[in-house]
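The lines below spell out each chain.
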Number of protein chains: 2
Amino acid sequence: MPGRRVRFEAAPGSALAISVSRQRKGDVLDPIHQRIFKDIETRILSGEWRPGDRIPIERDLVEQYQCSRMTVSKALSILVERGLIVRRRKAGSFVASPQIDRTVMDIQDISTEAALAGYEHRHEILSRKIERLDTAEAAQLQAPEGSEVLRLQCLHIVDGRPIAIERRLILLDTVPLARDESFASAPPAKWLLSQVPWSRARHVIRAVSADASTARVLLMERGEPCLNLIRQTWQNELMVTHVEIMHPGDRFQFASVFQPAEKRSRRQP
Amino acid sequence: MPGRRVRFEAAPGSALAISVSRQRKGDVLDPIHQRIFKDIETRILSGEWRPGDRIPIERDLVEQYQCSRMTVSKALSILVERGLIVRRRKAGSFVASPQIDRTVMDIQDISTEAALAGYEHRHEILSRKIERLDTAEAAQLQAPEGSEVLRLQCLHIVDGRPIAIERRLILLDTVPLARDESFASAPPAKWLLSQVPWSRARHVIRAVSADASTARVLLMERGEPCLNLIRQTWQNELMVTHVEIMHPGDRFQFASVFQPAEKRSRRQP
DNA sequence: GGTTCGCTTTTGACTATACAAATAGATAAG
DNA sequence: CTTATCTATTTGTATAGTCAAAAGCGAACC
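For clarity, every value in this text was computed on a predicted model and none was experimentally measured. (Residues numbered from 1 in each chain as written. Chains lettered and ligands numbered in written order. Predicted model: local features only at pLDDT ≥ 70, side-chain atom pairs only at ≥ 80, totals over all residues.)

### A look at the overall build of chain A
Then step 1. Check the secondary structure of chain A and you find seven helices and eleven strands.
Then step 2. Counting only residues that meet the buried cut, chain A has 34% of its 269 residues in that class. (Helix = DSSP H or I, 4+ residues; strand = E, 2+ residues; numbered from the N terminus. Buried ≥ 20, exposed ≤ 12 C-beta atoms within 10 Å, placed from the backbone.)

In structure tokens:
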């Protein structure tokens, strides 16, 4: 009966044993590779195994979990993919040094964020015109001079209060469909994403003083602090869009909870 | 000769063929699973395959790349791990919907960031004292009342100009070694990371007006905009540290370049 | 009409094996 | 003492199969 596997567990407490997780929630036990992954992840996140430490070699893990090398290898591959370990031939696998104090901010688009938080959101297109990029602006955006662009101003209102003014350029060469889009049903950010996949983005977050026109639409005083987000997006060297969003400092902040080993679990509806 | 593999390539242009990459840079060809991965990734990032589209089933990919199912499966697993596709039994694998307009800011710690940008960085510990958390503060931080904490103020100077004031609490129960640390050689953020691995962090970024004491140390006017970063870190339900960093708005911004499919390649020195 | 049941497709998990590539550490040569 | 060479170890890639679990689909049934 080739390929049939008898499953037993390593005796806990044995010399090199890494306390194999018995975890048995709801009577279904996790796949072996996941248990190996979790056991090692726990060891690393708890600090028991520190950056640079060598983790047991595949042969020993095979022994401890009574599984095949492929299964161990799969677990280790995921740990590599998640940035928790590095593997080196002949040397072994080691706990990776964490990215030094890296902070990651996850910023969803405004309408999504508002919806998730249970707020009512609407947007108003304040202006909409088609222009050509002049020399200065083209240089600043690293886009070809004379490109046709759609220039938009869009106000976002959450719970009845203006929360952001969005000033956006969309390159019509890259996104020709934008020419005839009114952005009445979906705000520009959302519409764009459904139309154009992007391959690269650049972000800048700053604190600036409200200029006169911003202060007027956002119902605040001139000079008050604003949170300023600039985002520029490309699709394979073609610029897609450039947007600058001004948020009133007293009404808006970016917040996120983050784990070093990004748990990605996205489901398709 | 079991296990030996003869490598040929699918005829390009054949009915279902997905234009198998011939890529042959430097005469070494990539592992098959990597070629499959890249081919599909390219298709998705270029927009040829759009969110929700079904990608060829494993059987067909096996046929096209003339490899085993495990190899195809490995490629697809990586695509899942990277968030590019989702797989559903019986249904097939589909291009994942991108996280709606998600922006990710990568913020390194100040000294690292300065070093990377080629600036000279130094820090000064302005104050350092050990206290116990009072009721109000404990509640705010969701930490146990009466916990011993180390309270620090640290000024960061880049290229001779004050660029940030850091106000930090370190829980001495979680990080006992901090009690005798002077933070003279490494700034608190860096030192902490080398001592304590963390499992969860919360971040908030805001724009605020400079208060009197902040304005004084950062050599700016009261009321001018400041970029304000708050970061709280836990290790397995134990709070590690809470820090608030104020940056002068005119001298500091967060910037990052980001790709939807995070390329992770970290090497150990 | 709707509901249940079983068939079939497709992914998920795993084994056992083979050989390749890198390289740390020992050994030999200069 | 330094440098080149060998070798054993450890990871990397891949094969060819097995069995399991989920779920779409249609047929039979109410």
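Here the narrative resumes.
### Looking at the sheet that holds strand 2 (residues 85–88) of chain B
All names here are of chain B.
Then step 1. The strand order across the open sheet formed by three strands is 1-3-2, and the pairing between neighbours is antiparallel. Whereas interior strands pair on both sides, the edge strands pair on one side only; in this sheet they are strand 1 (54–55) and strand 2.
Then step 2. The pairing of strand 2 with strand 3 (residues 92–95) spans four bridges and is classified as antiparallel. Bridge pairing in strand 3 places Arg88 opposite Gly92.
Then step 3. Across the face of the sheet, helix 3 (residues 69–81) comes into contact with strand 2 and strand 3 while running at roughly 120 degrees to strand 2. (Pairing = 2+ DSSP bridges. Contact = placed C-beta atoms within 7 Å. Axes fitted to C-alpha atoms, helices over the stretch in contact; angles between N-to-C directions.)

### Here's the deal with the sheet that holds strand 2 (residues 85–88) of chain A
Residues and elements named next belong to chain A.
Then step 1. Within the open sheet, the three strands sit side by side as 1-3-2. Their pairing is antiparallel. Of all the strands in the sheet, the pair left with one neighbour each is strand 1 (54–55) and strand 2.
Then step 2. The pairing of strand 1 with strand 3 (residues 92–95) spans two bridges and is antiparallel. Directly across from Arg54, in strand 3, lies its bridge partner Phe94.
Then step 3. In this fold helix 3 (residues 69–81) packs onto strand 2 and strand 3, with an angle of close to 120 degrees to the strand it touches most, strand 2.

### Section: the nonpolar core
Then step 1. Membership of the largest hydrophobic core comes to 37 residues, with the highest contact counts inside it found for Ala164, Leu227 and Met246 of chain A together with Ala164, Leu227 and Met246 of chain B.
Then step 2. With residues near it in sequence (within four places) discarded, Met246 of chain B still touches Ala164, Ile165, Thr214, Leu218, Cys226 and Asn228 of chain B. (Core = buried A, V, L, I, M, F, W, Y, C linked by C-beta atoms within 7 Å.)

### A closer look at the packing of helix 1 (residues 32–45) of chain A against helix 3 of chain A
Residue and element names in this part refer to chain A.
Then step 1. It is the contact of helix 1 with helix 3, at a shortest axis distance of 8 Å, that shows an interaxial angle of 45 degrees. What the angle tells us is that helix 1 and helix 3 run oblique. Considering only the axes of helix 1 and helix 3, their crossing is right-handed. For the pair helix 1 and helix 3, the contacting residues are Ile32, His33, Ile36, Phe37, Ile40 and Glu41 in the first and Thr71, Val72, Lys74, Ala75, Ile78 and Leu79 in the second. (Parallel < 35°, antiparallel > 145°, perpendicular 65-115°, else oblique. Left-handed = near helix turned anticlockwise from the far one by under 90°.)

### So, the pairing of strand 9 (residues 225–235) of chain A
All names here are of chain A.
Then step 1. Counting buried positions along strand 9 yields nine of eleven residues, so the element is predominantly enclosed.
Then step 2. As defined by bridge partners, strand 8 (residues 200–209) adjoins strand 9 across ten bridges and the pair is classed as antiparallel. By the bridge assignment for strand 9, Ile205 is matched with Leu229.
Then step 3. Sheet topology places strand 9 next to strand 10 (residues 238–248); ten bridges connect them, and they run antiparallel.

### Observations regarding the environment of Arg43 of chain A
Then step 1. Tracing the backbone through its elements, the reader meets Arg43 of chain A in helix 1.
Then step 2. Spatially, the C-alpha atom of Arg43 of chain A lies 39 Å from that of Leu227 of chain A, the residues being 184 residues apart in sequence.

### Overview of the environment of Ile170 of chain A
Residues and elements named next belong to chain A.
Then step 1. Counting through the fold element by element, Ile170 comes out in strand 7 (residues 161–171).
Then step 2. Separated by 22 residues in the primary sequence, Ile170 and Leu192 place their C-alpha atoms 9.1 Å from one another.
Then step 3. Leave out the neighbours within four places in its chain, and Ile170 touches Val149, Leu150, Val175, Ala178 and Thr241.

### Structural notes on the confidence of the model for chain A
Any region with low pLDDT has predicted coordinates that should not be read closely.
Residues and elements named next belong to chain A.
Then step 1. Scored by pLDDT, chain A comes out at a mean of 83, with 83% of its residues at no less than 70.
Then step 2. Of the regions scoring below 50 in pLDDT, residues 1–18 engages in 20 contacts with residues more than four places distant in sequence or in other chains.
Then step 3. Between residues 261–269, whose pLDDT stays under 50, and residues either more than four places distant or in other chains, the model counts 14 contacts. (pLDDT = per-residue confidence, 0-100.)

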